[in-house]
Amino acid sequence: MSNQIHNISEELIKELIKSAASVRKNAYAPYSHFKVGAALYAENLDGGYEIIIGCNVENASYPAGNCAERTAVFKAVSEGYNKFKAIAIVGGADEKTDYTSPCGICRQVLREFVTPNDFYVIMAKNENDYIIKTLDELLPMSFGPDNLK
Ligand code: THU
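First, a word on scope: everything that follows refers to the structure included in this document. (Residues numbered from 1 in each chain as written. Predicted model: local features only at pLDDT ≥ 70, side-chain atom pairs only at ≥ 80, totals over all residues. Heavy atoms only, no water.)

1. Notes on the side chain of Thr134
Inclusion rule: Here a strand is any run of E in DSSP of at least two residues, a helix any run of H or I of at least four, and the numbering for each starts at the N terminus. Classification of residues uses two cut-offs on accessible area relative to the type maximum, computed with a 1.4 Å probe and protein chains only: under 20% is buried, over 50% is exposed, and between them is partly exposed. Residue contacts are counted whenever heavy atoms from the two residues lie within 4.5 Å of one another.
Relative to the elements of secondary structure, Thr134 occurs in strand β5 (residues 129-134). We classify Thr134 as buried; its relative accessible area is 14%. Contact partners of Thr134, with chain neighbours within four places excluded, come to Pro116, Asn117, Phe119 and Tyr120.

Spelled out as C-alpha coordinates, the structure:
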(Lines give C-alpha, C1' and ligand atoms only; values in the text may rest on other atoms or scores of the structure.)
Protein backbone atom coordinates (compact mmCIF):
# COMPACT_ATOMS: atom_id res chain seq x y z
CA MET A 1 0.00 0.00 0.00
CA SER A 2 2.26 2.79 -1.14
CA ASN A 3 0.34 4.91 -3.62
CA GLN A 4 -1.37 7.48 -1.42
CA ILE A 5 -1.08 11.14 -2.36
CA HIS A 6 1.71 12.90 -0.46
CA ASN A 7 4.61 15.13 -1.25
CA ILE A 8 7.59 13.31 0.16
CA SER A 9 9.79 11.19 -2.06
CA GLU A 10 9.75 7.42 -2.19
CA GLU A 11 13.47 7.50 -1.42
CA LEU A 12 12.95 9.50 1.77
CA ILE A 13 10.06 7.29 2.83
CA LYS A 14 12.26 4.22 2.52
CA GLU A 15 15.10 5.90 4.41
CA LEU A 16 12.77 6.84 7.27
CA ILE A 17 11.37 3.32 7.43
CA LYS A 18 14.88 1.87 7.45
CA SER A 19 15.85 4.18 10.33
CA ALA A 20 12.70 3.30 12.30
CA ALA A 21 13.27 -0.43 11.80
CA SER A 22 16.86 -0.06 12.91
CA VAL A 23 16.15 1.83 16.16
CA ARG A 24 13.33 -0.61 16.90
CA LYS A 25 16.09 -3.06 17.84
CA ASN A 26 16.74 -0.87 20.90
CA ALA A 27 13.13 -0.96 22.07
CA TYR A 28 12.91 -1.67 25.79
CA ALA A 29 9.64 -3.58 25.97
CA PRO A 30 10.01 -6.41 28.52
CA TYR A 31 6.35 -6.11 29.60
CA SER A 32 4.35 -5.78 26.38
CA HIS A 33 6.92 -7.37 24.04
CA PHE A 34 5.57 -4.86 21.51
CA LYS A 35 8.63 -3.21 20.01
CA VAL A 36 8.40 0.11 18.21
CA GLY A 37 10.87 2.33 16.36
CA ALA A 38 10.16 5.81 15.05
CA ALA A 39 12.11 8.09 12.72
CA LEU A 40 11.25 11.75 12.56
CA TYR A 41 12.17 13.91 9.58
CA ALA A 42 13.14 17.29 11.05
CA GLU A 43 14.32 20.53 9.52
CA ASN A 44 17.66 21.57 10.97
CA LEU A 45 18.96 25.04 11.73
CA ASP A 46 20.61 25.37 8.28
CA GLY A 47 17.41 24.60 6.39
CA GLY A 48 18.60 21.04 5.76
CA TYR A 49 17.09 17.96 7.32
CA GLU A 50 17.96 15.42 9.97
CA ILE A 51 16.46 12.07 10.86
CA ILE A 52 15.92 11.72 14.60
CA ILE A 53 15.10 8.27 15.93
CA GLY A 54 13.43 6.88 19.03
CA CYS A 55 12.12 3.63 20.49
CA ASN A 56 9.58 2.77 23.16
CA VAL A 57 10.96 2.59 26.69
CA GLU A 58 8.78 0.70 29.16
CA ASN A 59 8.93 0.73 32.95
CA ALA A 60 8.09 -1.64 35.81
CA SER A 61 5.66 1.11 36.84
CA TYR A 62 3.72 0.69 33.59
CA PRO A 63 2.38 4.25 33.06
CA ALA A 64 5.91 5.63 33.29
CA GLY A 65 6.78 4.07 29.94
CA ASN A 66 7.18 6.15 26.80
CA CYS A 67 6.21 5.50 23.17
CA ALA A 68 8.76 5.52 20.35
CA GLU A 69 7.17 8.55 18.68
CA ARG A 70 7.40 10.70 21.78
CA THR A 71 10.95 9.56 22.45
CA ALA A 72 11.86 10.83 18.97
CA VAL A 73 9.97 14.13 19.39
CA PHE A 74 11.44 14.85 22.80
CA LYS A 75 14.95 13.98 21.63
CA ALA A 76 14.51 16.26 18.62
CA VAL A 77 13.13 19.24 20.50
CA SER A 78 15.78 19.00 23.18
CA GLU A 79 18.44 18.99 20.46
CA GLY A 80 17.01 22.16 18.90
CA TYR A 81 14.80 20.74 16.12
CA ASN A 82 11.11 21.56 16.17
CA LYS A 83 10.02 21.68 12.54
CA PHE A 84 8.87 18.27 11.41
CA LYS A 85 7.67 16.98 8.07
CA ALA A 86 7.10 13.26 8.58
CA ILE A 87 7.49 10.33 10.93
CA ALA A 88 7.90 6.64 10.10
CA ILE A 89 6.76 4.06 12.62
CA VAL A 90 7.71 0.38 12.58
CA GLY A 91 6.21 -1.75 15.34
CA GLY A 92 4.73 -5.06 16.28
CA ALA A 93 4.71 -7.90 18.77
CA ASP A 94 8.14 -9.46 19.30
CA GLU A 95 9.93 -9.69 15.94
CA LYS A 96 6.77 -9.37 13.82
CA THR A 97 5.76 -6.05 12.27
CA ASP A 98 2.32 -4.69 11.54
CA TYR A 99 1.03 -1.23 10.64
CA THR A 100 1.43 0.59 13.96
CA SER A 101 -0.79 3.59 14.43
CA PRO A 102 0.39 6.29 16.85
CA CYS A 103 -1.52 6.51 20.12
CA GLY A 104 -3.66 9.53 20.96
CA ILE A 105 -1.07 11.08 23.24
CA CYS A 106 1.63 10.86 20.55
CA ARG A 107 -0.73 12.38 17.97
CA GLN A 108 -1.28 15.36 20.24
CA VAL A 109 2.44 15.71 21.00
CA LEU A 110 3.22 15.72 17.26
CA ARG A 111 0.41 18.23 16.69
CA GLU A 112 2.25 20.82 18.74
CA PHE A 113 5.04 21.13 16.19
CA VAL A 114 3.46 20.53 12.77
CA THR A 115 0.94 21.72 10.25
CA PRO A 116 -1.50 18.81 10.50
CA ASN A 117 -2.36 18.61 6.80
CA ASP A 118 1.30 18.84 5.83
CA PHE A 119 2.76 16.25 8.16
CA TYR A 120 2.94 12.62 7.08
CA VAL A 121 2.65 9.59 9.34
CA ILE A 122 4.15 6.52 7.66
CA MET A 123 2.99 3.28 9.29
CA ALA A 124 5.22 0.55 7.93
CA LYS A 125 5.62 -3.20 8.02
CA ASN A 126 8.76 -2.82 5.93
CA GLU A 127 10.24 -0.56 3.24
CA ASN A 128 7.81 -1.81 0.62
CA ASP A 129 4.64 -2.15 2.66
CA TYR A 130 3.30 0.94 4.38
CA ILE A 131 0.33 3.26 4.81
CA ILE A 132 0.65 7.06 4.83
CA LYS A 133 -1.84 9.40 6.48
CA THR A 134 -1.58 13.08 7.31
CA LEU A 135 -1.76 14.01 10.97
CA ASP A 136 -4.96 15.87 10.12
CA GLU A 137 -6.53 12.57 9.06
CA LEU A 138 -5.43 10.89 12.29
CA LEU A 139 -6.30 13.81 14.58
CA PRO A 140 -9.04 15.88 12.93
CA MET A 141 -10.17 19.25 14.33
CA SER A 142 -7.17 19.20 16.62
CA PHE A 143 -6.37 21.61 19.41
CA GLY A 144 -3.04 23.34 18.91
CA PRO A 145 -0.88 26.31 19.86
CA ASP A 146 -2.97 28.78 17.82
CA ASN A 147 -6.03 28.02 19.94
CA LEU A 148 -4.33 29.65 22.90
CA LYS A 149 -3.76 32.99 21.12
N1 THU B 1 3.79 1.97 21.50
C2 THU B 1 4.61 2.84 20.83
O3 THU B 1 5.78 3.03 21.19
N4 THU B 1 4.09 3.48 19.76
C5 THU B 1 2.85 3.25 19.22
O6 THU B 1 2.52 3.84 18.20
C7 THU B 1 1.96 2.29 19.86
C8 THU B 1 2.41 1.75 21.16
C9 THU B 1 4.37 1.22 22.62
C10 THU B 1 3.93 1.62 24.00
C11 THU B 1 4.18 0.33 24.77
O12 THU B 1 5.56 0.29 25.14
C13 THU B 1 3.93 -0.77 23.76
O14 THU B 1 4.05 -0.14 22.48
C15 THU B 1 2.58 -1.43 23.88
O16 THU B 1 1.56 -0.50 23.94
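2. Some details on the sheet that holds β5
Hydrogen bonds along the backbone pair up the strands of a sheet, which may run parallel or antiparallel. Formally: Between any two strands, at least two bridges found by DSSP are needed for them to pair. Axis lines are fitted through C-alpha atoms, for helices just across the contact stretch, and the angle between N-to-C directions can take any value from 0 to 180 degrees.
Spatially, the five strands line up as an open sheet ordered β2-β1-β3-β4-β5, and their pairing is mixed. In this open sheet, the two strands that pair with only one neighbour each are β2 (49-55) and β5. Going from strand to strand, the sheet's axes swing by 20° on average, the running direction of each strand aside. Lying over the sheet, helix α1 (residues 10-24) contacts β1 (34-43), β2, β3 (83-93), β4 (120-126) and β5, oriented at roughly 135° with respect to β1.

3. Section: unusual backbone geometry
Even without glycine at this site, Asp94 takes up a positive phi of about 50°. Examined against the element boundaries, Asp94 turns out to sit in the loop between β3 and α3 (104-111). You will see that Met141, though not glycine, has its phi angle at about 50°, which is positive.

4. Considering the pattern of salt bridges
Applicable threshold: Salt-bridge detection follows one rule: a side-chain nitrogen of Lys or Arg within 4 Å of a carboxyl oxygen of Asp or Glu.
Scanning the model with the defined rule gives four salt bridges in all. With a shortest N-O distance of 3.1 Å, Lys149 and Asp146 are connected by a salt bridge. A single burial state applies to Lys149 and to Asp146, both of which are exposed.

5. So, the side chain of Glu58
Under the convention used in this document: Positive charge is attributed to Lys and Arg, negative charge to Asp and Glu, and no charge count is given to His or to the chain ends. In protein, a polar contact requires one atom able to donate a hydrogen and another able to accept it; more generally it is a pair of N or O atoms within 3.5 Å, and residues adjacent in sequence count only if both atoms are side-chain atoms.
Note on placement: Glu58 falls in the loop between β2 and α2 (68-78). Buried within the structure, Glu58 lacks any salt-bridge partner; Lys35 is the closest side chain of opposite charge, at an N-O distance of 10 Å. Among the polar contacts listed, one links the side chain of Glu58 to the backbone nitrogen of Tyr31, at a separation of 3.1 Å. Within the structure, Glu58 has its side chain in polar contact with the side chain of Ser32 (distance 2.5 Å).

6. Some remarks on the layout of surface pockets
Rolled over the atoms, a probe sized like a water molecule indicates the empty space that remains. Condition: Cavities and pockets are found on a 1 Å grid laid over the protein atoms alone: a cavity is a set of points where a 1.4 Å probe fits but cannot escape, a pocket is an open set with protein on both sides within 12 Å along at least five of seven lines, and a lining residue has an atom within 4 Å of such a point. Grid points are joined across faces, edges and corners, and a volume is the space filled by probe spheres set on the points. Classification convention: Asp, Glu, Lys, Arg as charged; Ala, Val, Leu, Ile, Met, Phe, Trp, Tyr, Cys, Pro as nonpolar; all other residues, Gly among them, as polar.
Estimated volume of the largest pocket: approximately 260 Å³. Ser32, Asn56, Glu58, Asn66 and Cys67 are, among the 19 residues lining the largest pocket, the residues nearest its centre. Across the lining of the largest pocket, the residue classes break down as 10 nonpolar, seven polar and two charged.

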